[in-house]
Number of protein chains: 4
Amino acid sequence: MAELDKHILLMDGPDAKGLIHHVTGVLFRHGLNVIHNDEYVSPTGRFFMRTEFEGAFDSKALLQDLNETLSTQTDAQGITFRLNPKRRKNIVVMVTKEHHCLAELLIRYAFDELDADILAVVSNYNSLQGLVSKFGIPFHYVSHEGKSREEHEEAILRTLAIYEPEYLVLAKYMRVLTPEFVRHYPNRIINIHHSFLPAFVGANPYRQAYERGVKIIGATAHFVNNDLDEGPIIAQDVKEVNHRQLAGDMAMEGRDVEKIVLSQALKLVFNDRVFIAGNRAIVL
Amino acid sequence: MAELDKHILLMDGPDAKGLIHHVTGVLFRHGLNVIHNDEYVSPTGRFFMRTEFEGAFDSKALLQDLNETLSTQTDAQGITFRLNPKRRKNIVVMVTKEHHCLAELLIRYAFDELDADILAVVSNYNSLQGLVSKFGIPFHYVSHEGKSREEHEEAILRTLAIYEPEYLVLAKYMRVLTPEFVRHYPNRIINIHHSFLPAFVGANPYRQAYERGVKIIGATAHFVNNDLDEGPIIAQDVKEVNHRQLAGDMAMEGRDVEKIVLSQALKLVFNDRVFIAGNRAIVL
Amino acid sequence: MAELDKHILLMDGPDAKGLIHHVTGVLFRHGLNVIHNDEYVSPTGRFFMRTEFEGAFDSKALLQDLNETLSTQTDAQGITFRLNPKRRKNIVVMVTKEHHCLAELLIRYAFDELDADILAVVSNYNSLQGLVSKFGIPFHYVSHEGKSREEHEEAILRTLAIYEPEYLVLAKYMRVLTPEFVRHYPNRIINIHHSFLPAFVGANPYRQAYERGVKIIGATAHFVNNDLDEGPIIAQDVKEVNHRQLAGDMAMEGRDVEKIVLSQALKLVFNDRVFIAGNRAIVL
Amino acid sequence: MAELDKHILLMDGPDAKGLIHHVTGVLFRHGLNVIHNDEYVSPTGRFFMRTEFEGAFDSKALLQDLNETLSTQTDAQGITFRLNPKRRKNIVVMVTKEHHCLAELLIRYAFDELDADILAVVSNYNSLQGLVSKFGIPFHYVSHEGKSREEHEEAILRTLAIYEPEYLVLAKYMRVLTPEFVRHYPNRIINIHHSFLPAFVGANPYRQAYERGVKIIGATAHFVNNDLDEGPIIAQDVKEVNHRQLAGDMAMEGRDVEKIVLSQALKLVFNDRVFIAGNRAIVL
């Protein structure tokens, strides 16, 4: 009951004077109680706010009041509101051969800790089909063999079209996606990269880490945009290594970091805590 | 100039509906622009808020408006405001024999990174006098030899009376303070404890850590209240250790953690980011 | 092939002069090549050594030579050798209601990353039966309802007798074990405790952590001996928390730490890297 | 006394069978007791060993015995031994304008925790002269103004020639050194780089980190070789940041990491724990 009664308002747009005051004022007039409010103004003057509040209300009337109040009482322009974004997101997970990130998501999903529904798993190999089938989730094997990159991506897009997922989660999907593909899911593809970006972009980061002799390895969860390994970073974590660990050992150790970082990033995104400001992820 | 133009409003009291709205409304009416606002409502219903804003204003009028608005427009009772608390705090540092935390504070002070003025250093030994004198700060050697605990504390209090510090910083002061002493500085004494509290309260925590065979050691900066090692925790950090490290090795390694944790805690306190809710420190 | 050719020699006993020299000498005479050697002498004079070497040899002749050499060439007494301890250990996992540690072990086992065979899972509830059955592992529901502690433990021991596991892994088994039970598996029971021991021994550590207002939480994997939460610590890790997180939030966050720490500790134990010296775990 | 009686033997060269056995055998015959032995064989077949032992001995005889034994009893070739390398190293510290790393070293030196003697401080600015003079250490202001890079480096080399330091410590020396300069101190220049290398090589790493929107910053202590920011990494550490922190805030926070990482790296180097294998630092 209390949980059903907790609401979220997201706000994003150019900064203006009095935004917090007027928005909280509208909530106040509607008899709603702010539990937590977090806002951020970027150095370039963009305003982001995430408000948790409780109470009963009429969504349409509230949004109308918010927009009217801003337009009549402030200089604000181009502000967008999102009221109570859908709690559970629909996602499709894409993988290649490694199981650890996928398994982590499947277990969380099975025990209702993912804040999302995994509609399907898509892979360019069929080796993880057995794992996925344990959890009763559709598995689509879309091989890249004998296909051009474009043909392969079109085959994947046809599969995704069945599910219309809100987010694509690349849980160690090891092929580069073309800008054309990415354009179908703007800021809706989340990737786990097996290095502490921007160190070791590209292939074989643990090999690179070994060669460079680093003392710490890491993993990065980020949105995918047109430039490979260049999208907004949502979460990162690291782990100490030493000279005895070869690239393969680092890769093994790194898996634990990768799967936890990916899960934490997804939790933030699925709980509507992440805004995108240029190439930076704002976590409120 | 920009810096002079940045202001801070702190607010603390029982929660009530509309607090954020009405306070930001008063700021809005005075033509002030909120840069950052952070608030917290404890599970027991206490409201804390820290607001950064910019613009020119009349302090007295602003505070009067804030109090009147809350009393006429809301059910709020017992709210206290602090407007632009003094930027640089006055502190006295108390030490015993170890230099590392004291040296850290002296260096930060010398390079204007402490957000406080060190008025004096008080010690029950004279071994750190040479270090302190390099920085031109009064050093008071108040030996405990031949004195009862009460006599010793009275002697310290007499010395402190010269300086009237806002905060006492116990930078490895290794004697227990009586409740009578602590009562003179309610929530104004900050201690660094050389363990990850509440593990290893009391004396010789590194010896205890070694005996217990822990794999991680730590340090805790906290306010001192009547119960030793029991006050609100401001900051903590840890460091990995292994079986080869004896208690003395851990103590050596631990120093780096202690001095950094203490400095970070002081920065939070001196920047008016720390509120106290019962036995918990709220960091906004 | 190379892997089959890699051997491990473990050595444990009172320190004496020349141990490393004579042991490596025996290996040298048998034409074996030391790849890695790690030894530790405790402050109380106990010697531990773990040697990795490669080459072909006769186990019986090698062990005989080792013992004879030490007894004739050194003053060493009471040294025990273990040569090539069994690679994959047999384990039984005990759980109560929480799934996360168990799921982590099941996934690692399914993908051959556990260095052990999970013979069975025993629980005092039946809620995790569905998860376990996905992986084709026997699940034994041994309820404590209507049984005395002794009766319950006897029922568990009867179940364990079927499997004769080398190790019992308590993957969030939430009942205290009696010394009588523990005596059946000396230094062979590994528990994950959901706090940074020795902070917060006993029940509800996250509740305790919340009440104390700590800024960091943690988890501890340790051997179980007669005293609850007091056995040798194998591995620990921590995670930052803040004042907004209630005990339940900390528990949720803590799960990620718990499962990774448990897995890491098991990897060390199952790879024969952990020696026990009094109440301390030596990790070579 | 015990301390004087503890000795260190370092060994470096191509791997061969029986090295550990024969070396520990020589020590055994000389009546010496190995306290700790750590060795490493790189994937390219290079052998490194660091042995701590105790007892009384004749250095010349011991080294002769070591060399003879290896040449007659093994196939080892090109092994070099270092017996009891000088305990306290002589160093010169080079800085530009930032004080924090320098101050850390000065404090450690003043309290005999540096394992080295700071012979002098050299800077291309004179702003840190006051700090250095507090500690009675010569300060050389060698301005780069009006000089070519070569002229400036020659002026520095002339200053260094007075002191003949074993190591140069670049404690935030912000100018690139030429290969010609570096050649004078092969593997004897240690730099602290204010990023988690190899992320953000070059200038303004915190600016780069801010622009990239990373969630973790770091610092790297490394040997300097011909390629800037490319030498063997000795130690690294990291710290979490968030979207509210501008480049300047990150730089401020990063200082604490930088100075501790540099100190830890120096401790390792000055205690003769660091070997160089190609572009990798082996820490034994």
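The shown structure was predicted, so the numbers you read here are calculated from the model rather than taken from an experiment.

## Some words on the environment of Lys134(A)
Part 1 of the argument: Mapped onto the elements of the fold, Lys134(A) is located in helix H4 (residues 129-134).
Part 2 of the argument: Expressed as a C-alpha distance, the spacing of Lys134(A) and Val95(A), which sit 39 residues apart in the sequence, is 16 Å.
Part 3 of the argument: In this structure, Lys134(A) is in contact with Lys134(C) and Phe135(C), ignoring residues within four places of it in sequence.

## Regarding the UniProt feature "domain: ACT" (unreviewed entry) in chain A
Part 1 of the argument: The positions that UniProt labels "domain: ACT" (unreviewed entry) are, in the present scheme, residues 8-81 of chain A.
Part 2 of the argument: Regarding residues 8-81 of chain A, the helix share stands at 35% and the strand share at 36%, and the terminal C-alpha atoms are separated by 10 Å.

## Regarding the layout of surface pockets
All names here are of chain B.
Part 1 of the argument: Size it by volume and the second largest pocket reaches roughly 500 Å³.
Part 2 of the argument: Considering the residues around the second largest pocket, the lining is formed by 29 residues, among which Tyr173, Met174, His193, His194 and Gly202 are closest to the centre.
Part 3 of the argument: Elements represented by at least two residues in the lining of the second largest pocket include exactly helix H6 (179-183), strand S9 (189-193), helix H7 (205-212) and helix H8 (247-270).

## Overview of the interface of chain D and chain A
Part 1 of the argument: On the side of chain A, 34 residues touch chain D, which itself brings 34 residues to the contact.
Part 2 of the argument: Buried surface at the junction of chain D and chain A, summed over both partners, amounts to about 2,900 Å²; 56% is from carbon and sulfur atoms.
Part 3 of the argument: The largest share of the area that chain D buries against chain A comes from Arg212(D), His243(D) and Arg280(D), three residues that together contribute 26% of it.
Part 4 of the argument: Taken together, chain D and chain A are joined by 22 residue pairs in polar contact (both at pLDDT 80 or more).
Part 5 of the argument: When contributions to the side of chain D that touches chain A are tallied by element, the ones reaching two or more residues are strand S2 (33-41), helix H7 (205-212), strand S11 (233-240) and strand S13 (280-283) of chain D.
Part 6 of the argument: For the side of chain D that touches chain A, the element with the highest residue contribution is S11(D), accounting for 6 residues.
Part 7 of the argument: Its residues assigned to classes, the side of chain D that touches chain A comprises 19 nonpolar, 5 polar and 10 charged.

## So, the relation of the copies chain D and chain A
Part 1 of the argument: Mapping chain D onto chain A leaves a residual RMSD of 0.0 Å; the transformation is a rotation of 180° accompanied by 0.0 Å of translation along its axis. Both copies of the chain, as the preceding transformation shows, are related through a two-fold rotation axis. In terms of proximity to the rotation axis, the leading residue of chain D is Ala199(D), whose C-alpha is 2.2 Å off the axis.
Part 2 of the argument: Both copies share a contact surface, since 100% of the interface residues of chain D are interface residues in chain A too.

## Quick look at the pattern of salt bridges
Part 1 of the argument: Overall, the coordinates contain 78 salt bridges over all chains when judged by the stated rule.
Part 2 of the argument: Of the charged contacts, one joins Lys89(D) and Asp272(D) as a salt bridge, the two residues approaching to 3.2 Å between their closest N and O atoms. Highlighted residues: Lys89(D) in strand S5 (residues 89-95) and Asp272(D) in the loop between helix H8 (247-270) and strand S12 (274-277), separated in sequence by 183 residues.
Part 3 of the argument: Exposure remark for Lys89(D): the relative accessible area of 3% places this residue in the buried category.
Part 4 of the argument: For Asp272(D), a relative accessible area of 9% corresponds to the buried category.
Part 5 of the argument: Residues joined in a network through salt bridges with shared partners are Glu104(A), Arg108(A), Asp256(A), Lys259(A), Glu104(C), Arg108(C), Asp256(C) and Lys259(C).

## Digging into the relation of the copies chain A and chain C
Part 1 of the argument: Superposing chain A onto chain C takes a rotation of 180° combined with a translation of 0.0 Å along the rotation axis, leaving an RMSD of 0.0 Å.
Part 2 of the argument: Here 100% of the contact residues of chain A are again contact residues in chain C; the copies associate through an equivalent surface.

## Considerations on the interface of chain A and chain C
Part 1 of the argument: Tallying the contact residues gives 22 residues for chain A and 22 residues for chain C.
Part 2 of the argument: Of all residues in chain A, His99(A), Phe111(A) and Lys134(A) bury the most surface against chain C, accounting for 26% of the area lost on that side.
Part 3 of the argument: The interface formed by chain A and chain C includes 8 salt bridges.
Part 4 of the argument: The residue Lys259(A) makes a salt bridge to Glu104(C) at a minimum N-O spacing of 2.4 Å.
Part 5 of the argument: On inspection of chain A and its partner chain C, the count reaches 9 residue pairs in polar contact (both at pLDDT 80 or more).
Part 6 of the argument: When contributions to the side of chain A that touches chain C are tallied by element, the ones reaching two or more residues are helix H3 (100-110), H4 and helix H8 (247-270) of chain A.
Part 7 of the argument: Of the residues forming the side of chain A that touches chain C, the biggest block, 8 residues, is contributed by H8(A).
Part 8 of the argument: Broken down by class, the residue content of the side of chain A that touches chain C amounts to 8 nonpolar, 3 polar and 11 charged.

## Thoughts on the sheet that holds strand S5 (residues 89-95) of chain C
Residues and elements named next belong to chain C.
Part 1 of the argument: The strand order across the open sheet formed by 7 strands is S7-S6-S5-S8-S9-S10-S11, and the pairing between neighbours is mixed. Unpaired on one side and paired on the other, strand S7 (139-141) and strand S11 (233-240) mark the two borders of the sheet. Ignoring which end each strand starts from, the neighbouring axes of this sheet average 20° apart.
Part 2 of the argument: Sheet analysis places S5 next to strand S8 (residues 167-170), joined by 4 bridges and oriented parallel. Across the sheet, the residue bridging to Ile91 is Tyr167, located in S8.
Part 3 of the argument: Its contacts with the sheet place helix H3 (residues 100-110) against S5, strand S6 (116-123), S8 and strand S9 (189-193), and it is angled at close to 150° to S6.

## Points about the environment of Asn187(C)
All names here are of chain C.
Part 1 of the argument: Within the secondary structure layout, Asn187 lies in the loop between helix H6 (179-183) and S9.
Part 2 of the argument: For Asn187, a relative accessible area of 38% corresponds to the partly exposed category.
Part 3 of the argument: Along the chain, Asn187 and Phe223 lie 36 residues apart, while their C-alpha atoms are 6.0 Å from each other.
Part 4 of the argument: Discounting residues that sit within four places of it in the chain, Asn187 has contacts with Tyr167, Phe223 and Ile276.

## Quick word on the state of the cysteines
Part 1 of the argument: Under the counting rule described, the total for this entry stands at 0 disulfides over all chains.
Part 2 of the argument: Left without a disulfide partner, Cys101(A) is nearest to the cysteine sulfur of Cys101(C), which lies 18 Å away.
Part 3 of the argument: Taking the relative accessible area as the measure of exposure, Cys101(A) reaches 1% and is therefore buried.

Reading guide: rules and limits
- Residues numbered from 1 in each chain as written.
- Chains lettered and ligands numbered in written order.
- Predicted model: local features only at pLDDT ≥ 70, side-chain atom pairs only at ≥ 80, totals over all residues.
- Heavy atoms only, no water.
- Helix = DSSP H or I, 4+ residues; strand = E, 2+ residues; numbered from the N terminus.
- Contact = heavy atoms within 4.5 Å.
- UniProt positions renumbered as here; feature names shortened; annotations may be inferred.
- 1 Å grid on protein atoms, 1.4 Å probe; cavity = no way out; pocket = protein on both sides within 12 Å on 5 of 7 lines; lining within 4 Å.
- Points joined across faces, edges and corners; volume = space filled by probe spheres on them.
- Buried area = accessible area lost by both parts, 1.4 Å probe.
- Polar contact = N/O pair within 3.5 Å; in protein donor to acceptor, adjacent residues only side chain to side chain.
- Nonpolar A, V, L, I, M, F, W, Y, C, P; charged D, E, K, R; others polar.
- Least-squares fit on C-alpha atoms with pLDDT ≥ 70 in both.
- Salt bridge = Lys/Arg side-chain N within 4 Å of Asp/Glu carboxyl O.
- Buried < 20%, exposed > 50% of the residue type's maximum accessible area, 1.4 Å probe, protein only.
- Pairing = 2+ DSSP bridges.
- Axes fitted to C-alpha atoms, helices over the stretch in contact; angles between N-to-C directions.
- Disulfide = S-S within 2.5 Å.

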